Structures are given as C-alpha cells and as structure tokens.
Amino acid sequence: MNRANFLVDTSKCVGCRKCVRVCPGGILSLNQEKQVQIANFKEFGGNGCWKCEHCLAVCPMGAISIFGHKPENSLPSVDYETAAPAMDALITNWHSCRRYQDKNVDASIISNMLNLLSNAPNGGNKQQVEYTLIDDKVQMNYFRQLAYSRMEELAAQGIYPKGFSKEAY
Ligand code: SF4
Ligand code: SF4
C-alpha cells in the first residue's frame, strides 16, 4: 500500500493520462501496460503528493481512489457545455440579499457549506485558510452592533474615502 492509499481500478483505466497531466507533484505516470501508477515519494507536499485529489477529480472513468475517497462517493464533474452557461448565468445574475428570515440557519446547511469550502483553491493545497463562522443570530447581532459602532468611530475620524456615509452601511 502506498502512503496516499492511491488505488486504480485497472478494469476502468483507459490510459488517457489526464491524471498524470494534472498531478502537481509529478508522481503519476503510465506503466508499460498503459495503466497509471504512483511513484514512491519521501513526504507529502513539494515533490510528493499534495493531497489535492485532482487525480480522482479528473479521471473520466472513475478509476482512481485516494485517501479512502472513492469516485462513487464524489460529486460528478460537469462538462464544459453544461458548466459554461450555468457559470455565466450565476455571474451575471448575481444579486445582494439584504433581507433575512429572523431565524438561525439550519446547522446541516452550514455544515454542508463548510465541507464544500474545504475544496476551494488555497495555494498549493497548504490548507492555510481559516473561516470564522457565527451560527447564532443573537451573537451575530451583537457582532454587527460592535462592527457598526467601530465603523462610526472611524467615520468620525474622517478616515473613510469619499462616498462612505451612514446610509452606505
Ligand atoms: S492527490 Fe494530487 S498530488 Fe497526490 S497523486 Fe493525486 S493529483 Fe498527484
Ligand atoms: S485519468 Fe483515469 S483513465 Fe485516465 S490514465 Fe488516469 S486513471 Fe487512467
């Protein structure tokens, strides 16, 4: 067993090299049978495995499992023809939401969002991004008032740029 628990279902691998090309550590290659293999590496990161799981994500055949993550338990990738118009619509139809229901957000929704966020790009997969989350509306209101009063203090010092006004926030 290799350190990354990298497994290939040889009955599915067609030797397309997509995983080889996307691997940032350069540790994947095809063997003589045109099956993908992982090289031994000394440590994770750098010239070893980055733990990015891009290999699992790009394999069109669902042939790769890594770190115990399996293609059958992953969200399927979306092809360009489907993704492009959806992405365009999301970007151009964006809007701010400034009116909220007076209740806490369901914990399962927050948990799901955090799980998805953990997949966001973060620079060499170093996982150095940290999110601070307030999941209680009473605490949120306290924090909001704190922020407002601090902003007003700073506004009174005249340090904000032109256009910043009480109405703006
Ligand atoms: S997890 Fe990333 S670095 Fe590790 S083998 Fe897969 S693509 Fe390469
Ligand atoms: S991307 Fe999948 S099918 Fe292509 S070489 Fe890698 S394991 Fe094989």
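Residues numbered from 1 in each chain as written. Chains lettered and ligands numbered in written order. Predicted model: local features only at pLDDT ≥ 70, side-chain atom pairs only at ≥ 80, totals over all residues. Heavy atoms only, no water.

## A word on the environment of Phe-44
Quick note on the threshold: Helix and strand definitions here come from DSSP, where helices need a minimum of 4 consecutive H or I residues and strands a minimum of 2 consecutive E residues; each element is numbered from the N-terminal end. Here, residues are in contact when the closest pair of their heavy atoms is within 4.5 Å.
Structurally, Phe-44 is set in the loop between strand E3 (36–38) and helix H2 (54–58). Sequence spacing of Phe-44 and Tyr-100 is 56 residues, and the spatial spacing of their C-alpha atoms is 44 Å. For Phe-44, the residues in contact, after removing those within four places along its chain, are Arg-3, Ala-4, Cys-49, Lys-51 and Phe-67.

## With respect to the site of ligand 1
Put simply, the test is: Put simply, a residue is near a molecule or strand once any heavy atom of it comes within 4 Å of that molecule or strand. Gly is placed with the polar residues, together with every amino acid not listed as nonpolar (Ala, Val, Leu, Ile, Met, Phe, Trp, Tyr, Cys and Pro) or charged (Asp, Glu, Lys and Arg).
Neighbouring ligand 1 are the residues Cys-23, Pro-24, Ile-27, Leu-28, Cys-49, Trp-50, Lys-51, Cys-52, Glu-53, Cys-55 and Ile-66. Tallied by class, residues from the shell around ligand 1 come to nine nonpolar, no polar and two charged.

## Some remarks on the domain arrangement of the protein
Put simply, the test is: What counts as a domain boundary in this text is fixed by an automatic or database domain assignment.
We note that the domain assignment places domain 1 (1–74) and domain 2 (104–169) within the protein. The C-alpha centroid of domain 2 is placed 37 Å from the C-alpha centroid of domain 1.

## Here we look at the layout of surface pockets
What counts is decided by this rule: Only protein atoms enter the 1 Å grid, on which a cavity is a set of points fitting a 1.4 Å probe that cannot get out and a pocket is an open set with protein on both sides within 12 Å along at least 5 of 7 lines, lining residues being those with an atom within 4 Å of a point. Grid points are joined across faces, edges and corners, and a volume is the space filled by probe spheres set on the points.
Volume-wise, the largest pocket comes out at about 1,300 Å³. As for the largest pocket, its lining consists of 38 residues, of which Cys-52, Glu-53, His-54, Ala-57 and Asn-119 are closest to the centre. Sorting the residues of the lining of the largest pocket by element identifies H2 and helix H4 (107–117) as the ones contributing at least two each. By residue class, the composition of the lining of the largest pocket is 17 nonpolar, 17 polar and four charged. Lining the lining of the largest pocket are residues from two domains, each supplying at least three of them: domain 1 (1–74) and domain 2 (104–169). At the level of elements, H4 and helix H5 (137–156) are the ones that each hand at least two residues to the lining of the second largest pocket. Along the lines of polarity and charge, the residues of the lining of the second largest pocket split into 10 nonpolar, four polar and six charged.

## Remarks on the packing of aromatic side chains
Just so we agree on the cut-off: Stacked, tilted and edge-to-face pairs are distinguished by plane angle, under 30 degrees for stacked and over 60 for edge-to-face with tilted covering the rest, among Phe, Tyr and Trp rings (Trp via its six-membered ring) whose centres lie within 6.5 Å.
Counted by the stated rule, this structure contains two aromatic pairs. When the ring of Phe-44 is compared with that of Phe-67, the centres are 6.0 Å apart and the planes differ by 50°; the resulting orientation is tilted. Remark: Phe-67 occurs in the loop between strand E4 (64–65) and helix H3 (80–92) and Phe-44 occurs in the loop between E3 and H2; sequence separation between them is 23 residues. Through successive ring pairs, a cluster of aromatic residues spans Phe-41, Phe-44 and Phe-67.

## Description of H5
Note the following rule: Multiplying 1.5 Å by the residue count of a helix minus one yields the expected span of that helix. Between N or O atoms, a polar contact is any pair within 3.5 Å; within protein, one atom must be a potential hydrogen donor and the other a potential acceptor, and residues adjacent in sequence are included only when both atoms are from side chains.
Here H5 is 20 residues long and its end C-alpha atoms lie 28 Å apart, about the 28 Å a rise of 1.5 Å per residue gives. The distance from a side-chain oxygen at the start of H5 to the backbone nitrogen of Val-138 is 3.2 Å, and the residue carrying that oxygen is Asp-136. Note on H5: the residue one or two positions beyond its end, Gly-158, has a positive phi of about 70°.

## Focus on the pattern of salt bridges
Close approach of charged atoms allows side chains of opposite charge to pair. As a reminder, the rule being used: Each salt bridge in this description consists of a side-chain nitrogen of Lys or Arg and a carboxyl oxygen of Asp or Glu lying within 4 Å of one another.
A complete count under the given rule lists three salt bridges for this structure. A salt bridge links Lys-12 to Asp-9, with the nearest nitrogen and oxygen atoms 4.0 Å apart. Note that Arg-150 and Glu-153 form a salt bridge whose closest N and O atoms lie 2.8 Å from each other. Linking Arg-150 with Glu-153, this pair stays in helix H5, spanning three residues, or about one helical turn.

## Describing the environment of Val-129
With respect to the helices and strands, Val-129 occurs in the loop between H4 and H5. Taking C-alpha positions, Val-129 is 23 Å from Ala-4, a pair spaced 125 residues apart along the chain.

## Details of the site of ligand 2
What surrounds ligand 2 is the set Cys-13, Val-14, Gly-15, Cys-16, Arg-17, Lys-18, Cys-19, Val-36, Cys-59, Pro-60, Met-61 and Ile-64. Its residues assigned to classes, the shell around ligand 2 comprises nine nonpolar, one polar and two charged.

## Description of the nonpolar core
Which entries qualify depends on this criterion: Throughout, nonpolar core names a set of buried Ala, Val, Leu, Ile, Met, Phe, Trp, Tyr and Cys residues whose side chains join them through atoms within 4.5 Å. Only protein chains enter the accessibility calculation, which uses a 1.4 Å probe. A residue is then buried if its area is under 20% of the maximum for its type, exposed if over 50%, and partly exposed in between.
Core analysis: the biggest nonpolar cluster contains 19 residues, and Phe-6, Leu-28 and Val-36 have the highest contact counts within it. Secondary structure elements with two or more residues in this core: helix H1 (18–22), strand E2 (28–30), E3 and H2.

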